[in-house]
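Observations on the three-dimensional arrangement
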Amino acid sequence: MTKHAMIIGLVVAYLCHLTLGWQYSVIGAIVAGFLAPKKGVRAGALSLGLGWGLLIIFNFAVATPETVEMTRIMAALLGGLPSFVTVLLTLLIGLLLGTIGGWVGSALKSTRDRSKNG
């Protein structure tokens, strides 16, 4: 069930990211955590981390010079860091938001199940 939860979370994250904005992509991680409450943290982190990673690859494939320049400028703004640090920080933020979203989703599922049974 974790694989299905991660795939559904990934699709929801993409839909939210592309229609509402990147900050709403965490909804996909919450959905993944809700669908896989025992492994919700992992499902959420993987769904959002993989989703953001695929979007980064897509940006490099479609607009390579522009994406390279953006990462260079962002790294310079962050204190003169190497350009690849921008990409790593983006992935790390995606994994962190996915972890938190997966935890929230699994907590919501556990709370709902307890209220039904109690």
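Relevant structure appears above.
The text that follows walks through the structure, step by step, so that each part is easy to find. (Residues numbered from 1 in each chain as written. Predicted model: local features only at pLDDT ≥ 70, side-chain atom pairs only at ≥ 80, totals over all residues. Heavy atoms only, no water.)

This part takes up the pattern of salt bridges. Taken as a whole and judged by the stated rule, the model has two salt bridges. The salt bridge partner of Glu 69 is Arg 72, with a shortest N-O separation of 2.6 Å. With Glu 69 and Arg 72 both in helix α4 (residues 64–77) and three residues apart, the pair spans about one turn of that helix. Judged by its relative accessible area of 43%, Arg 72 is partly exposed. (Salt bridge = Lys/Arg side-chain N within 4 Å of Asp/Glu carboxyl O. Helix = DSSP H or I, 4+ residues; strand = E, 2+ residues; numbered from the N terminus. Buried < 20%, exposed > 50% of the residue type's maximum accessible area, 1.4 Å probe, protein only.)

Now for the packing of helix α2 (residues 26–35) against helix α5 (residues 84–117). Put simply, α2 and α5 touch, their axes get as near as 6 Å, and they point 45 degrees apart. What the angle tells us is that α2 and α5 run oblique. Between α2 and α5 lies a crossing of right-handed hand. Of the residues in α5, those in contact with Val 26, Ala 29, Ile 30, Gly 33 and Phe 34 of α2 are Leu 97, Gly 98, Gly 101, Gly 102, Val 104, Gly 105, Ser 106, Leu 108, Lys 109 and Arg 112. Across the contact of α2 with α5, the residue classes tally to seven nonpolar, six polar and two charged. (Axes fitted to C-alpha atoms, helices over the stretch in contact; angles between N-to-C directions. Parallel < 35°, antiparallel > 145°, perpendicular 65-115°, else oblique. Left-handed = near helix turned anticlockwise from the far one by under 90°. Contact = heavy atoms within 4.5 Å. Nonpolar A, V, L, I, M, F, W, Y, C, P; charged D, E, K, R; others polar.)

By themselves, these are just geometric observations and shouldn't be taken as functional.
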